[in-house]
Amino acid sequence: MGIAQTRIIERPDFENTNTGAIEISKIELKDSETVLYIDGFGKPNDWIALSSKTYLKGKSGKTYKFLHSEGFEMDKQVIMPASGTVSFKLHMKTLDKKETSFDFIEGESSDEFRILGIKTFKIKSTAPIHCKIKGEVIDRPESNRLILLKKGEDARVSGKYITIRNGKFEYHLDCNNLEGICTYILR
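Every value quoted in this text rests on a predicted model; they were computed, and no experiment measured them.

With that out of the way, let us pick up the pattern of salt bridges. According to the stated counting rule, one finds nine salt bridges in the structure shown. Note that Lys30 is salt-bridged to Glu33, the shortest N-O span being 3.8 Å. Lys30 sits in the partly exposed class, given a relative accessible area of 25%. Residue classification places Glu33 among the buried residues on the basis of a relative accessible area of 13%. A salt bridge links Lys62 to Asp96; its shortest N-O distance comes to 3.4 Å. Separated by 34 residues along the polypeptide, Lys62 in the loop between strand E6 (55-58) and strand E7 (63-70) and Asp96 in the loop between strand E9 (85-92) and strand E10 (101-105) bring together distant segments of the chain. Here Lys62 falls in the partly exposed class, since its relative accessible area comes to 40%. Asp96 gets classed as partly exposed once you look at its relative accessible area, which sits at 31%. Put simply, Glu28, Lys30 and Glu33 are held in one network by salt bridges that share partners.

Quick look at the structure:
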């Protein structure tokens, strides 16, 4: 009898998304299930909803169904708290060990959440410059994310979101040369 193993991917890399309202902060790949740790973002008293028809589609084409949620009621409008952030877990069928990436698909409509090309491994950076950006946001309890941009980029079409948890944030930046960067607090 084998020993059950769990692989954890913190802040998984992905290729594309149609939303800034949800992010996958961690994946647990277990022998019994796949657990997605998700942060939802919005203005206080706005709502967010997810369908129980949500599924994962592996790079192989195989689909993995939703099992249950933890900390979030599916198929209901969940009101955002004063922090503008809600964190929860989605338990999904076990991904095959051969899957190197998968898509998160809420449904077939184009306005439903999609996060595509989510990696089941961490991509090793070949960039020569590695930097850790770490800090605390003071006197802004309503702020839930920062956006990191290269100087001159448009925040509406590029940039990297950095989640603020309990007023703190951390991000690992890899780049090929010294560049000017800007950060903006969202909400």
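Bringing the environment of Leu50 into the picture now. Residue placement: Leu50 occurs in the loop between strand E5 (47-48) and E6. By relative accessible area, which is 2% here, Leu50 ends up buried. Considering only alpha carbons, one finds Leu50 and Thr85, 35 residues apart in sequence, at a separation of 15 Å. Non-local contacts of Leu50, meaning those with residues more than four positions away in its chain, are made with Phe72, Met74, Asp75, Phe88, Leu90, Phe104, Glu106 and Phe113.

Moving on, we come to the packing of aromatic side chains. For the coordinates displayed, the defined rule picks out one aromatic pair. Considering the side-chain rings of Phe72 and Phe88, the 4.2 Å spacing of their centres and the 25 degrees angle between planes classify their relative orientation as stacked. You can see Phe72 sitting in the loop between E7 and strand E8 (78-79) and its partner Phe88 sitting in strand E9, a full 16 residues away along the chain. Accessibility assignment for this pair places Phe72 and Phe88 in one class, buried. Its end group placed over the ring of Tyr37, Lys26 keeps NZ or CZ at 4.3 Å from the ring centre. In this structure, Arg145 is placed above the aromatic ring of Tyr161, and the distance from its NZ or CZ to the ring centre is 4.3 Å.

The phi dihedral of Arg11 falls on the positive side, at around 40 degrees, and the residue is not glycine. Tracing the sequence through the fold places Arg11 in the loop between strand E1 (7-10) and strand E2 (16-17). Of the residues examined, Arg11 reaches a relative accessible area of 44% and is grouped as partly exposed. Despite not being glycine, Asn45 has its phi angle at roughly 75 degrees, a positive value. On the secondary structure map, Asn45 appears in the loop between strand E4 (34-41) and E5.

The rules behind each value
Residues numbered from 1 in each chain as written. Predicted model: local features only at pLDDT ≥ 70, side-chain atom pairs only at ≥ 80, totals over all residues. Heavy atoms only, no water. Salt bridge = Lys/Arg side-chain N within 4 Å of Asp/Glu carboxyl O. Buried < 20%, exposed > 50% of the residue type's maximum accessible area, 1.4 Å probe, protein only. Helix = DSSP H or I, 4+ residues; strand = E, 2+ residues; numbered from the N terminus. Contact = heavy atoms within 4.5 Å. Phe/Tyr/Trp six-rings, centres within 6.5 Å; stacked < 30°, edge-to-face > 60°. Lys NZ or Arg CZ within 6 Å of the ring centre and 35° of its normal.

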